[in-house]
Amino acid sequence: MAIFENMGVVLALLGAVTAALAAGIGSAIGVGMTGEAAAGVVTEDPSKFSKVLVLQLLPGTQGIYGLLIGFITLTQIGIMGGDSDISLIKGILYFVACLPMAFVGYKSAIRQARASVSSISLVAKRPDQFVKGMIFPAMVETYAILALLISILSIFGINGLPV
Amino acid sequence: MAEDQYLYAVARIRTKELSLLSAAFFEQLLSAPDYESCIRLLKDKGWEGGGADWEEMFSEQRRRTWELMEELLGDTSVFDVFLYANDYSNLKAAVKTCRHRTEPDNIYIGQGTVPVETIRTAVMENRFEDLPEAMQEPAREAQRVLLQTGDGQLCDVILDRAALDAVYRAGKESGNEFLKLYAELTVACADIKTAVRAVRMRKNRDFLERSLAPCDSLDVKALADAALAGEEAVKQCLEFSEYHEGAAALSESLSAFERWCDNLMIRRIRPQLHNAFGLGPLAAYILARESEIKSVRIILSGKKNRLPEESIRERVRETYV
């Protein structure tokens, strides 16, 4: 099977992998950063464990979104079973459709981690303000969700295109 | 990013900040009826010791702060800028002890970048090469001046200037904005205090040139010229600098100006309370601890000498939290 004859599926797979990889790396960095800060607070005050744990996990969602996009793309292009005969144009389109989740996932996970670290500092001093502290990093999530949405709509839309 | 390596440390410091002495606690101390009541209140906050000698209590608090920093950072050399003043103070004590052949108790400060014993031995045995390079020449010169002229003040000027140069250099070379700010404020405030003292003691240009350390936020030459012209000229000189508010404090008294300098430092470091990244919050915590030690010392000394509450209150510094 010559690679150029199957360039479509190669590009589509590359898109799926990029989305899972970039968003996953972003989340790993983010959860690592928040984990360090959370450990700092728990060292001094173990009773705040549950509160800081929630804040630590917030930047982890982008990795899940990346995995979801990767999984949907794989099912659409037939790698998980079915017909994997994808035209070059469709392959490019799948690749491009995965990019919003890859880029926004990576960047938003790290920015959300910084907001979470700041909120962990807030909870360290004012545990009663936990809910407000959770809202600040959760705002960053909006943009990861928007990217997830546009990637999902694009991937499902490509299948019906006559190209 | 370099600032991300302090996430754990900053989060721990955020919790530690909860146990810093607040303005409300200082109010309690101020309104305490006597010295013993103050000691009791401090004991409740974990400030042990201080029965007869409060310096022991302050040493313990300093030791705890630096122990925490060592635990958080491993290598605390990044904060050497805060300890150079102690090194040069120890050097001053060693040089004078060597000259007078007497050694009073508690003249050395425990926290420093150079062990006290190294400084003592280097001065006693004239082995200045055992000291860090930057300390060698000032130590030699200070000892020579003291032995040849017996002028203790000139000896102090040489070592104080060397300390300021060391602080300024360390701040600049650290590459950290917070430490640069600390060095700048420390040197500028010390220069202004020296200029005012020089006016009052009618010192000449040579003294001023020897004692004023150059820094970015003050024109040292203009300050020296102003100091030769009089105290009003010094205040006018400050009007054109970022320390113009200090001129009003100077009109009050030198101790009011010293309080203004300490408060300025606290105000400039306070934004670190809301910073979750980098070295700044850790450095600010060290300075906040030093500031609270200074305020507690003022209150205890006032209470012991039965000064009126208002008179003590005027001297107490602003708090970080």
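Here the structure is shown first, and the text comes after it.
Right, let's walk through the structure included here. (Residues numbered from 1 in each chain as written. Chains lettered and ligands numbered in written order. Predicted model: local features only at pLDDT ≥ 70, side-chain atom pairs only at ≥ 80, totals over all residues. Heavy atoms only, no water.)

**What about the overall build of chain B?**
Reasoning step 1: Looking only at helices and strands, one finds 16 helices and 0 strands in chain B.
Reasoning step 2: For chain B, whose C-alpha radius of gyration is 20 Å, the value lies close to the compact-globule estimate of 20 Å for 321 residues.
Reasoning step 3: For chain B, the C-alpha atoms occupy an extent of roughly 50 × 50 × 45 Å along the three principal directions.
Reasoning step 4: Sequence separation of 24 or more characterises 65% of the internal contacts of chain B that already satisfy a separation of 6 or more.
Reasoning step 5: For chain B, the accessible surface area stands at approximately 14,900 Å², while carbon and sulfur atoms represent 47% of it.
Reasoning step 6: Put simply, chain B has 43 plus and 54 minus side-chain charges, and the middle of one group is 4 Å from the middle of the other. (Helix = DSSP H or I, 4+ residues; strand = E, 2+ residues; numbered from the N terminus. Rg over C-alpha atoms; globule rule 2.2 N^0.38 Å. Contact = heavy atoms within 4.5 Å. Areas by Shrake-Rupley, 256 points an atom, 1.4 Å probe, with all protein chains shown as cover. Lys, Arg positive; Asp, Glu negative; His and termini not counted. Charge placed at Lys NZ, Arg CZ, Asp CG, Glu CD.)

**Things to note about the environment of A:F156**
Residue and element names in this part refer to chain A.
Reasoning step 1: Mapped onto the fold, F156 is located in helix 5 (residues 130-159).
Reasoning step 2: Taking relative accessible area as the criterion, F156 reaches 46% and is therefore assigned partly exposed.
Reasoning step 3: For the pair formed by F156 and A144, sequence separation is 12 residues and the distance between their alpha carbons is 18 Å.
Reasoning step 4: Those residues within four positions of F156 in sequence are excluded, and the remaining contacts are I72 and Q76. (Buried < 20%, exposed > 50% of the residue type's maximum accessible area, 1.4 Å probe, protein only.)

**Examining the packing of helix 4 (residues 88-125) of chain A against helix 5 of chain A**
Each packed pair of helices is defined by two parameters, the angle between the axes and the distance between the axes.
Residues and elements named next belong to chain A.
Reasoning step 1: Here helix 4 crosses helix 5 at 175 degrees, and the two axes come no closer than 9 Å. Judged by the angle between their axes, helix 4 and helix 5 are roughly antiparallel.
Reasoning step 2: Residues belonging to the contact of helix 4 with helix 5 are distributed by class as follows: 22 nonpolar, 8 polar and 3 charged. (Axes fitted to C-alpha atoms, helices over the stretch in contact; angles between N-to-C directions. Parallel < 35°, antiparallel > 145°, perpendicular 65-115°, else oblique. Nonpolar A, V, L, I, M, F, W, Y, C, P; charged D, E, K, R; others polar.)

**With respect to the nonpolar core**
Residues and elements named next belong to chain B.
Reasoning step 1: Counting residues in hydrophobic clusters, the biggest one holds 68 residues, and the most contacted among them are F79, F82, Y243 and L282.
Reasoning step 2: Broken down by element, the residue count for this core peaks at 14 residues, all from helix 9 (residues 177-200).
Reasoning step 3: In this structure, Y243 is in contact with E184, L185, A188, I192, S217, L218, L238, W260 and L264, ignoring residues within four places of it in sequence.
Reasoning step 4: One finds V114, L131, A142 and A163 within the second-largest nonpolar core, a separate group that totals 24 residues. (Core = buried A, V, L, I, M, F, W, Y, C linked by side-chain atoms within 4.5 Å.)

**So, the interface of chain A and chain B**
Interfaces are frequently sized by the accessible area removed from exposure as the parts join.
Reasoning step 1: Each partner contributes residues to the interface: chain A has 15 residues there, and chain B has 16 residues.
Reasoning step 2: Summed over both partners, the interface of chain A with chain B comes to about 1,400 Å²; 62% of that surface belongs to carbon and sulfur atoms.
Reasoning step 3: It is A:E44, A:R114 and A:K125 in chain A that bury the most area against chain B; as a group they hold 42% of the surface buried on that side.
Reasoning step 4: Viewed at the interface, chain B and chain A are joined by 4 salt bridges.
Reasoning step 5: In this structure, B:D4 engages A:R114 in a salt bridge whose closest nitrogen and oxygen atoms are separated by 3.6 Å.
Reasoning step 6: Seen at the junction of chain A and chain B, the total is 4 residue pairs in polar contact (both at pLDDT 80 or more).
Reasoning step 7: Listing elements by their share of the side of chain A that touches chain B, those giving two or more residues are helix 1 (7-44) and helix 4 of chain A. (Buried area = accessible area lost by both parts, 1.4 Å probe. Salt bridge = Lys/Arg side-chain N within 4 Å of Asp/Glu carboxyl O. Polar contact = N/O pair within 3.5 Å; in protein donor to acceptor, adjacent residues only side chain to side chain.)

**A few points about the environment of A:M101**
Reasoning step 1: Along the chain, A:M101 falls in helix 4.
Reasoning step 2: Measuring from C-alpha to C-alpha, the distance between A:M101 and A:G63 comes to 9.6 Å, with 38 residues separating the pair along the chain.

**Notes on the side chain of A:S108**
Reasoning step 1: Its location among the elements puts A:S108 in helix 4.
Reasoning step 2: Not counting residues within four places of it along the chain, the set of residues in contact with A:S108 comprises A:Q62, A:V140 and A:A144.

**Side note on a nonpolar patch on the surface**
Residues and elements named next belong to chain A.
Reasoning step 1: A cluster of nonpolar side chains, L13, V17, L21, I25, I29, I79 and Y106, forms an exposed patch at the surface whose accessible area comes to about 570 Å².
Reasoning step 2: Looking at the nonpolar patch, the element that brings in the most residues is helix 1, giving 5 residues.
Reasoning step 3: Tracing the chain through its elements places Y106 in helix 4. (Patch = residues over 30% accessible without salt bridge, like charges linked within 9 Å, V, L, I, M, F, W, Y side chains within 5 Å.)

**As for helix 4 (residues 54-73) of chain B**
All names here are of chain B.
Reasoning step 1: In this model helix 4 runs 29 Å from its N-terminal to its C-terminal C-alpha over 20 residues, within 8% of the 28 Å that 1.5 Å per residue would give.
Reasoning step 2: Taken as a whole, helix 4 has its buried residues at W54, M57, F58, Q61, R62, T65, W66, L68, M69 and L72. With its buried residues spanning 170 degrees around the axis, helix 4 presents them on a single face. Those residues of helix 4 that are exposed and aimed more than 90 degrees away from the buried face are E56 and E71.
Reasoning step 3: For helix 4, the elements touching its buried residues are helix 1 (7-16), helix 3 (35-44) and helix 15 (280-304).
Reasoning step 4: Looking one or two places after helix 4, you find G74, whose phi comes out positive at around 80 degrees. (Expected span 1.5 Å × (residues − 1). Arc of directions from axis to C-beta.)

**Quick notes on the side chain of B:K193**
Residue and element names in this part refer to chain B.
Reasoning step 1: Along the chain, K193 turns up in helix 9.
Reasoning step 2: The buried charged residue K193 lacks any salt bridge partner; its closest oppositely charged side chain belongs to E258, at an N-O distance of 4.9 Å.
Reasoning step 3: Excluding its chain neighbours within four sequence positions, the residues that come into contact with K193 are F257, E258 and C261.

**Side note on the packing of aromatic side chains**
Reasoning step 1: Per the counting criterion, the structure on display carries 7 aromatic pairs over all chains.
Reasoning step 2: Consider the rings of B:Y35 and B:W54, whose centres lie 6.0 Å apart with planes at 50 degrees: the pair is tilted. Within this pair, whereas B:Y35 is found in helix 3, its partner B:W54 is found in helix 4, the two being separated by 19 residues in sequence. Comparing B:Y35 with B:W54 shows no difference in burial state: the two are buried.
Reasoning step 3: Pairing B:F82 with B:Y182 gives two aromatic rings, centres 4.6 Å apart and planes at 85 degrees, and the pair type is edge-to-face. Of this pair, B:F82 sits in the loop between helix 4 and helix 5 (84-100) while B:Y182 sits in helix 9, and the two are 100 residues apart along the sequence. The burial state of B:F82 is the same as that of B:Y182; both residues are buried.
Reasoning step 4: Ring pairs connect the aromatic residues B:W66, B:F79, B:F82 and B:Y182, which therefore count as one cluster.
Reasoning step 5: Looking at A:R114, its charged tip hangs above the ring of B:F277, at a distance of 4.0 Å from the centre.
Reasoning step 6: The ring of B:Y35 is capped by B:K304, whose NZ or CZ atom sits 4.3 Å from the centre of that ring. (Phe/Tyr/Trp six-rings, centres within 6.5 Å; stacked < 30°, edge-to-face > 60°. Lys NZ or Arg CZ within 6 Å of the ring centre and 35° of its normal.)

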